[in-house]
Structure formats: structure tokens, C-alpha cells
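Here are the chains, one letter per residue:
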Amino acid sequence: GQQVMQIPQYQHVQEGEDFTTYCNSSTTLSNIQWYKQRPGGHPVFLIQLVKSGEVKKQKRLTFQFGEAKKNSSLHITATQTTDVGTYFCAGPWVSDYKLSFGAGTTVTVRA
Amino acid sequence: DVKVTQSSRYLVKRTGEKVFLECVQDMDHENMFWYRQDPGLGLRLIYFSYDVKMKEKGDIPEGYSVSREKKERFSLILESASTNQTSMYLCASNRGMNTEAFFGQGTRLTVV
């Protein structure tokens with residue numbers, strides 16, 4: 001069936017370093033959304049990408065949507081302790097109401 | 001301030017009990033979703049609804065049912081709770097398939 005896969009599952013980062021997490025869908029997405037869940041909290045929307053090849057930035061976070069609209073990435077530069085949490089990608093497939101999430105990338109930061 | 005409210009933060013139920021998890025949103029959203037979250041498995045979609053009285057199965061509907069009698073309320077029902085349904089349950093809503101989803105605070109259900 002249709003799936004959204006995320007890698008890596010865990011990312012341990014030294015404070016100040018950069019890292020990237022990847023999201024891949026088995027079929028074309030209508031759009032891709034990214035959420036962040038802090039420890040003990042609920043997922044909170046970060047951003048949505050709609051167009052093929054779209055790139056958006058939020059301060060130190062850069063989000064990219066693939067040309068085929070089947071993959072996406074989140075790149076964080078100069079990681080800070082405030083970046084700790086689990087990052088999920090999610091997307092409805094074309095002509096579908098269903099919002100399916102990847103398994104998430106859990107980020108821990110070493111000070 | 002937009003809100004999705006789940007009726008309980010923590011719940012302990014016995015095996016075999018019928019369990020109701022309630023979710024209310026105040027944003028007049030069309031779509032509502034129920035997920036369960038387990039370590040390493042992310043958010044798995046149980047059921048969703050795109051209109052009043054309309055529902056569709058998600059990826060793991062077995063052992064669950066839902067009810068949406070009013071637009072603002074979406075209930076998840078465990079007909080006969082089992083220990084493998086111990087999990088964090090999250091409700092979410094959005095206006096349409098290309099819009100952001102808002103989540104409730106979650107209900108941690110323990111079935112003993």
C-alpha cells in the first residue's frame with residue numbers, strides 16, 4: 001500500500017552541527033507537510049510545500065520538495081538544544097483526504 | 001486561538017471494556033483524524049472523516065470504530081479493549097487536504 005518513509009529514525013547531533021532528515025513516499029503527494037513534536041507534546045505544524053522542486057526556509061531550517069513530488073528533506077543548520085524533538089513529514093496523496101505520517105526522526109542534541 | 005480538545009489526558013481501562021475517546025474542534029474543520037502513536041512507529045492513521053456521518057478506514061482500523069454525528073466532534077470507540085491497544089491516541093483536524101492539521105494534546109490509554 002501507499003507509505004511515507006522517513007530516515008533516519010534517530011539523529012544524535014552535536015550542538016552547532018548540521019543534519020538532514022529525509023522523507024520518501026511510494027506514490028505522488030499532493031503536498032508535503034512537516035511537523036515537530038517536542039518531548040511530552042503533540043505534533044505542531046511547521047510548514048507545507050506544494051510545488052514540485054519547492055524550497056522554503058524558516059530561520060535555520062530548510063525544507064525541500066522533490067521534483068517528482070515523492071520525496072522531501074529537512075535540513076537544520078547549526079543545531080541548537082531547542083531543536084530537540086521528533087520531526088514528522090506527512091502528506092495527502094493526490095485526490096485523497098487521508099493525511100499519512102512517516103515514522104518520524106527523533107533528534108537529540110549533545111551540548 | 002484554534003483548539004482541538006481531547007476529553008481525557010490519561011485513561012486506564014480493563015480488558016474487554018468498551019472505551020470512548022472524544023475529540024472536539026472549534027475551527028469548523030471538515031476533516032478529522034484519529035491516530036495512535038507508538039515508539040518507533042510514528043503516527044498511524046486509524047480512521048478519518050471528511051464530513052458529518054462520513055468515515056473512512058485508515059491504515060490500522062481493526063478493533064476500532066468511529067462516530068461523527070456533529071461536525072465538531074469525532075469519537076473513537078474501542079468495542080472491546082485489549083492490552084495491545086495501550087497507546088497514545090491523537091486526534092487532529094484540518095480544513096481540507098492541502099491545509100495544516102491541528103492536533104489535540106493526546107490521550108494516553110492504558111488497558112490492563
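Residues numbered from 1 in each chain as written. Chains lettered and ligands numbered in written order. Predicted model: local features only at pLDDT ≥ 70, side-chain atom pairs only at ≥ 80, totals over all residues. Heavy atoms only, no water.

### Description of the overall build of chain B
If you tally the helices and strands in chain B, you get 0 helices and 11 strands. Each of the 112 residues in chain B was classed as buried or not, and the buried ones make up 49%. In chain B, 55% of the contacts between residues at least 6 apart in sequence involve partners at least 24 apart. Accessible surface, chain B as shown: approximately 5,400 Å² in total, 49% of it carbon and sulfur. (Helix = DSSP H or I, 4+ residues; strand = E, 2+ residues; numbered from the N terminus. Buried < 20%, exposed > 50% of the residue type's maximum accessible area, 1.4 Å probe, protein only. Contact = heavy atoms within 4.5 Å. Areas by Shrake-Rupley, 256 points an atom, 1.4 Å probe, with all protein chains shown as cover.)

### Topic: the overall build of chain A
Of regular secondary structure, chain A possesses 0 helices and 11 strands. Ordered by position from N to C terminus, the α and β elements of chain A give β-β-β-β-β-β-β-β-β-β-β. Its C-alpha radius of gyration of 13 Å places chain A within 12% of the 13 Å reference for a compact globule of 111 residues. With the C-alpha coordinates aligned to their principal axes, the bounding extent of chain A is approximately 45 × 25 × 20 Å. Sequence separation of 24 or more characterises 53% of the internal contacts of chain A that already satisfy a separation of 6 or more. (Rg over C-alpha atoms; globule rule 2.2 N^0.38 Å.)

### Quick notes on the state of the cysteines
If you walk through the whole model with that rule in mind, you get 2 disulfides over all chains. Each sulfur in the disulfide pair Cys23(A) and Cys89(A) lies 2.0 Å from the other. A torsion of 80 degrees about the S-S bond marks the disulfide between Cys23(A) and Cys89(A) as right-handed. Linking Cys23(A) in strand β3 (residues 19-25) with Cys89(A) in strand β9 (residues 85-91), this pair joins segments that are 66 residues apart in sequence. Both residues of the pair, Cys23(A) and Cys89(A), count as buried. In this model, Cys23(B) is linked to Cys91(B) through a disulfide, with the two sulfur atoms separated by 1.9 Å. (Disulfide = S-S within 2.5 Å.)

### Considering the packing of aromatic side chains
Remark: the centre distance and the inter-plane angle together describe each pair of aromatic rings, the angle taken between the planes. All names here are of chain A. One pass over the full model with this rule turns up 11 aromatic pairs over all chains. Measuring from ring centre to ring centre gives 5.6 Å for Tyr35 and Phe45, while their planes differ by 75 degrees; the resulting arrangement is edge-to-face. Of the two residues, Tyr35 is situated in strand β4 (residues 32-37) and Phe45 in strand β5 (residues 44-49); the sequence distance between them amounts to 10 residues. Owing to a relative accessible area of 22%, Phe45 belongs among the partly exposed residues under this scheme. (Phe/Tyr/Trp six-rings, centres within 6.5 Å; stacked < 30°, edge-to-face > 60°.)

### Overview of the interface of chain B and chain A
Contact with chain B, which involves 23 residues of that partner, is made by 22 residues of chain A. The largest per-residue losses of area from chain B upon contact with chain A belong to Leu43(B), Met97(B) and Phe103(B), which jointly make up 29% of the total buried on that side. Across the chain B-chain A interface, the total number found is 1 salt bridge. Our enumeration of links across chain B and chain A arrives at 8 residue pairs in polar contact (both at pLDDT 80 or more). Looking at the side of chain B that touches chain A, the elements with two or more residues in it are β4 (31-38), β5 (42-51) and β9 (87-94) of chain B. The element best represented in the side of chain B that touches chain A is β5(B), accounting for 5 residues. Of the residues belonging to the side of chain B that touches chain A, the class tally is 11 nonpolar, 9 polar and 3 charged. (Buried area = accessible area lost by both parts, 1.4 Å probe. Salt bridge = Lys/Arg side-chain N within 4 Å of Asp/Glu carboxyl O. Polar contact = N/O pair within 3.5 Å; in protein donor to acceptor, adjacent residues only side chain to side chain. Nonpolar A, V, L, I, M, F, W, Y, C, P; charged D, E, K, R; others polar.)

### Some thoughts on unusual backbone geometry
A cis amide bond links Ile7(A) to the next residue, Pro8(A), at an omega of -5 degrees. Looking at where Pro8(A) falls in the secondary structure, it is placed in the loop between β1 (4-7) and β2 (10-14). The residue Lys53(B) is not glycine, and still its phi comes out positive at about 65 degrees. Checked against the element boundaries, Lys53(B) lands in the loop between β5 and β6 (54-57). Of the residues examined, Lys53(B) reaches a relative accessible area of 56% and is grouped as exposed.

Read these as spatial facts, not as claims about activity.
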